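Residue strings, one per chain:
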Amino acid sequence: MGSSSSSYAPKTIYLDVDGKVQKVVFSRHCSPCDIKELLCTSSNIPRTTAIMMVDPEGALVSMDPTMPTNSPNSLYKIVPLSTGQLGEKEDMFQNVLSQVAEQFSRAFRINELKTEVTNRLAMLEKRVELEGLKVVEIEKCKNDLKKLRDEMASRGGARVNCPCKYNFDDGKKVTPRRDVPNYPKYTLSQETVEALKKPTFDVWHWEHNEMLSCLEYMYHDLGLVKEFNMNPITLKRWLLAIQENYRNNPFHNFRHCFCVSQMMYGMINLCNLQEKLTLTDMGILMTAAVCHDLDHPGYNNTYQINARTELAVRYNDISPLENHHCAVAFQILSLPECNIFANVDTEAFKQIRQAIITLILATDMARHGEILDSFKQKVDNFDFTNEEHVTCLKMVMIKCCDISNEVRPTEVAEPWVDCLLEEYFMQSDREKSEGLPVAPFMDRDKVTKPTAQIGFIKFVLIPMFETVMKLFPQIEEIMVQPLRDSRDHYEELKQIDDAMTEGSSFVIKLRKDL
């Protein structure tokens, strides 16, 4: 009961009103408004006036039931607030509110920044993780390839050298030198795609990586990747291995390989062979063209046989270079990572292999008359369902493509003549130094560009292409006529050379007479 009565006891405070002590008593349950009204009445201040209550030290005292009591010796004082003071208080309050709002804003910005930083860190961690996986995968590929090579070497894959006058190994390995295909993927423009199908294609404007991409495109465009179920990555590795196994000769190099392959692709399109031959036939034609001069040393069969080189001894003087090109081609295909025919059944692969060998061996110019005569006998009654006829056609086609430079525009064809003569002169110089016979058309002291080309165009190129024209009349304007124009061009050059030679001789004779 005592506690109950004390909780309801009134509260007493003492005010200083104009220097007099004023006692104010109020219930503990009064509201702050009631207390403010009571204090104003006790201090003779209008009720609508804003006031504040301070202790003797000037500290604010709350005007609600919780205010502390005082004694007559420690009087509270009621102070009316002026308009200026109210404005200051309001400004202070607004300032405090602004600072609070700014602090909240900063807090939200920090949270946004934290979120952004967290997201970026997560993205970076993901990238690092993916890059790490790529590195691991690449290292795994390298290790797998190393194991394969070691295994092949342990099975006796090393080449045996023959103690002959000229060694063709030169430390060259028939393996891709790059473990992971790394030539960039080029997107061919529509203009390039159309140009690739024509004999007028300029092969001098392309880097090796671009030529690789063009060859890759040809295999996809002809449907060979789908037909032979090739792994696209294996196709890339195979093409890289092909490129690496062409030597940097003046003429017989990777650009010549691309030149012949592009002409084959062009003839397939020009002659509509997709409608006459099987996809297997086209795969054989393209692959033989790509491989036809692999690891060519820059010295022809005549040199190999006369110098009794390792290749001539190995192949009994029978097409030593062409046999070597075939061997290198199938050594590359024997590598699992480069075998574009890996998904072809065994019997079908045997037929493909034999057909490719047949075509590459047909590029030996020593067999030119034999092959062309055989085709001439068939062309008037050619039968695309006859396997022998089709094989003969494919042999003639690869021969046409192999020596087709003069079909191209003069500005494209003429640099090839310079390259070929440079290679011929290298051989003839070597033959002279070794005391071997020298062919007149290779002797730098006897041959000129016009004399080198006129006979070849008149008696080899034009008769062969005109025979093919009987079967495919559409090639006359695009392929045969340029050969006739080239023949006329070089005959004019020869006449100029002859006139200059005759003039020089006349001047020399005149000087002697004088």
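Note on numbering: residues in each chain are counted from 1, in written sequence order. Only residues with pLDDT of at least 70 get local features here, since the model is predicted, and only at 80 or more are side-chain atom pairs given and counted; chain-wide, interface and lining totals rely on the full set of residues. As a convention, hydrogens and water are excluded, and side-chain values are obtained from all of the structure's heavy atoms.

A. Looking closely at the overall build of the protein. Only runs of H or I of at least four residues qualify as helices and only runs of E of at least two qualify as strands under DSSP, and these elements are numbered from the N terminus. Of regular secondary structure, the protein possesses 18 helices and five strands. Whether a residue is buried, partly exposed or exposed follows from its accessible area with a 1.4 Å probe, protein chains only, as a fraction of its type maximum: under 20%, in between, or over 50%, in that order. Taken over 514 residues, the protein has a buried fraction of 42%. Surface accessibility follows the Shrake-Rupley procedure with a 1.4 Å probe radius. Residue values consider only the protein chains on display as shielding. Carbon together with sulfur atoms contributes 54% to the accessible area of the protein, which is approximately 28,200 Å² in total.

B. Inspection of the side chain of His256 at higher detail. Examined against the element boundaries, His256 turns out to sit in helix H8 (residues 254-270). Taking the relative accessible area as the measure of exposure, His256 reaches 2% and is therefore buried. Contacts are residue-level and defined by heavy atoms, with any inter-residue pair within 4.5 Å sufficient. If we ignore the near neighbours within four places in the chain, the residues touching His256 are Phe251, His292, Asp293, Asp402 and Trp416.

C. Quick peek at the nonpolar core. Among the nonpolar cores identified, the biggest contains 107 residues, and Trp238, Ile242, Phe465 and Ile475 are the most heavily contacted of them. Counting residues per element, this core draws most heavily on H8, which supplies 11 residues. Ignoring anything within four residues of it in the chain, the contact list for Ile242 reads Phe254, Cys257, Val290, Cys291, Leu294 and Ile332. With 13 residues, the next largest nonpolar core counts Val17, Val24, Ile45 and Val61 among its residues. Take the buried Ala, Val, Leu, Ile, Met, Phe, Trp, Tyr and Cys residues and link them wherever side-chain atoms come within 4.5 Å; each set so joined is a nonpolar core.

D. Helix H13 (residues 346-361), seen in detail. One fewer than the residue count of a helix, multiplied by 1.5 Å, yields its expected span. Across its 16 residues, H13 extends 23 Å between first and last C-alpha, which sits within 8% of the 22 Å expected from 1.5 Å per residue. Contact partners of the buried residues in H13: helix H9 (279-291), helix H12 (320-333) and helix H15 (387-402). Polar contacts here mean pairs of N or O atoms no more than 3.5 Å apart (in protein, one a potential hydrogen donor and the other a potential acceptor; neighbouring residues in sequence count only if both atoms are side-chain atoms). If you check the start of H13, you find a side-chain oxygen 3.2 Å away from the backbone N of Glu347, and it comes from Asp345.

E. Looking closely at the pairing of strand S5 (residues 76-80). Two strands form a pair only when DSSP identifies at least two bridges running between them. Strand direction decides the pairing type here: strand S1 (residues 11-17) and S5, joined by two bridges, are parallel. Each bridged residue has a counterpart across the sheet, and for Asp16 the counterpart in S5 is Lys77. Bridge count for strand S3 (residues 51-54) against S5 is four bridges, and the pairing is antiparallel. Bridge pairing links Met53 to Ile78 in S5.

F. Representation of the sheet that holds strand S2 (residues 20-26) within the structure. With mixed pairing, the five strands of this open sheet are ordered in space as S2-S1-S5-S3-S4. In this open sheet, the two edge strands, each paired with only one partner strand, are S2 and strand S4 (60-61).

G. View of the packing of aromatic side chains. A pair of Phe, Tyr and Trp rings is counted when the ring centres sit within 6.5 Å of each other, with Trp represented by its six-membered ring. The angle between the planes then sorts it: under 30 degrees is stacked, over 60 is edge-to-face, the rest tilted. Per the stated rule, a full pass over the model turns up 14 aromatic pairs. Ring centres 6.4 Å apart and planes at 55° place the aromatic pair Phe384 and Phe472 in the tilted group. You can see Phe384 sitting in the loop between helix H14 (368-379) and H15 and its partner Phe472 sitting in the loop between helix H17 (449-471) and helix H18 (475-513), a full 88 residues away along the chain. Of the residues examined, Phe384 reaches a relative accessible area of 25% and is grouped as partly exposed. Note on Phe472: relative accessible area 2%, which makes it buried. We count a charge as sitting over a ring when the NZ of a lysine or the CZ of an arginine lies within 6 Å of the ring centre and within 35 degrees of the ring normal. Its guanidinium or amino end placed over the ring of Tyr299, Arg430 lies 5.1 Å from that ring's centre, counting from NZ or CZ.

H. Up close: the environment of Glu322. Looking at where Glu322 falls in the secondary structure, it is placed in helix H12. You can call Glu322 buried: its relative accessible area is 8%. Linking Glu322 and Thr358, residues 36 residues apart in sequence, is a C-alpha distance of 10.0 Å. For Glu322, the residues in contact, after removing those within four places along its chain, are Asn301, Ile360, Leu361, Thr363 and Asp364.

I. Quick peek at unusual backbone geometry. Here the phi dihedral of Asn229 falls at roughly 50°; this positive angle occurs in a residue that is not glycine. Of note, the phi angle at Asp317 is positive, near 65°, even though the residue is not glycine. By the element assignment, Asp317 lies in the loop between helix H11 (310-314) and H12. What makes Asp317 partly exposed here is its relative accessible area of 41%.

J. A look at a nonpolar patch on the surface. Patch membership needs two things, relative accessible area over 30% and no salt bridge, and members are linked within 9 Å if like-charged or within 5 Å if nonpolar (Val, Leu, Ile, Met, Phe, Trp, Tyr). Salt bridges are identified by distance alone: a Lys or Arg side-chain nitrogen within 4 Å of an Asp or Glu carboxyl oxygen. Together, Val117, Leu121 and Leu124 make up an exposed nonpolar region whose accessible area comes to about 260 Å². Its place among the elements puts Val117 in helix H3 (residues 83-154). Assessed through its relative accessible area of 42%, Val117 is described here as partly exposed.

K. Expanded view of the side chain of Lys399. Following the sequence through the fold, Lys399 ends up in helix H15. As a buried residue without a salt bridge, Lys399 has its nearest oppositely charged side chain in Asp402, at a separation of 7.1 Å. There is a polar contact of 3.0 Å between the side chain of Lys399 and the side chain of His368. If sequence neighbours within four positions are ignored, Lys399 has contacts with Ala362, Met365, His368, Ile371 and Met464. In summary, the charge assignment counts Lys and Arg as positive and Asp and Glu as negative, without counting His or the chain termini.

L. Representation of the packing of H15 against H17 in the model. Simply put, an axis is a line fit to the C-alpha atoms, just over the touching stretch for a helix, and the angle between two N-to-C directions goes from 0 to 180 degrees. Here H15 crosses H17 at 135°, and the two axes come no closer than 11 Å. Here H17 runs oblique to H15, going by the angle between their axes. Of the two elements, H15 crosses H17, and the hand of that crossing is left-handed. Between H15 and H17, the contacting residues are Leu393, Val396, Lys399 and Cys400 on the first element and Met464, Phe465, Val468 and Leu471 on the second. Residue classes in the contact of H15 with H17 are distributed as seven nonpolar, no polar and one charged. Should an angle lie under 35 degrees it is considered roughly parallel, over 145 roughly antiparallel, and from 65 to 115 roughly perpendicular; all remaining angles are considered oblique. For any helix crossing, the convention is left-handed if the near helix is rotated counterclockwise from the far helix by under a right angle, and right-handed if that rotation is clockwise. Each residue is assigned to one class: nonpolar for Ala, Val, Leu, Ile, Met, Phe, Trp, Tyr, Cys and Pro, charged for Asp, Glu, Lys and Arg, and polar for all the others, Gly among them.

M. Inspection of the UniProt feature "binding site: Zn(2+) 1" (unreviewed entry) in the protein at higher detail. UniProt positions are given in the numbering used here, feature names are shortened, and annotations may be inferred rather than shown by experiment. Residues given the UniProt feature "binding site: Zn(2+) 1" (unreviewed entry) here are His256, His292, Asp293 and Asp402. A maximum C-alpha distance of 10.0 Å among these annotated residues, which run over 147 residues, shows that they cluster at one spot. At a separation of 3.1 Å, a polar atom in the side chain of His256 contacts the side chain of His292. Tracing the sequence through the fold places Asp293 in the loop between H9 and helix H10 (301-306). Residue Asp293 is classed as buried on the basis of its relative accessible area of 5%. Ignoring sequence-local partners within four residues, the contact set of Asp293 consists of Tyr246, His252, His256, His325 and Asp402.

N. Structural view of the pattern of salt bridges. If you walk through the whole model with that rule in mind, you get 17 salt bridges. Salt-bridge contacts for Lys432 lead to Asp443; the nearest nitrogen and oxygen are separated by 2.9 Å. Residue Lys432 is located in helix H16 (residues 410-434), and its partner Asp443 is located in the loop between H16 and H17; the two are separated by 11 residues in the primary sequence. The class of Lys432 is partly exposed, set by a relative accessible area of 38%. For the salt bridge of Asp498 with Lys494, the shortest nitrogen-to-oxygen distance reads 3.0 Å. With Asp498 and Lys494 both in helix H18 and four residues apart, the pair spans about one turn of that helix. For Asp498, a relative accessible area of 38% translates into the label partly exposed. Using a relative accessible area of 31% as the deciding quantity, one classes Lys494 as partly exposed.

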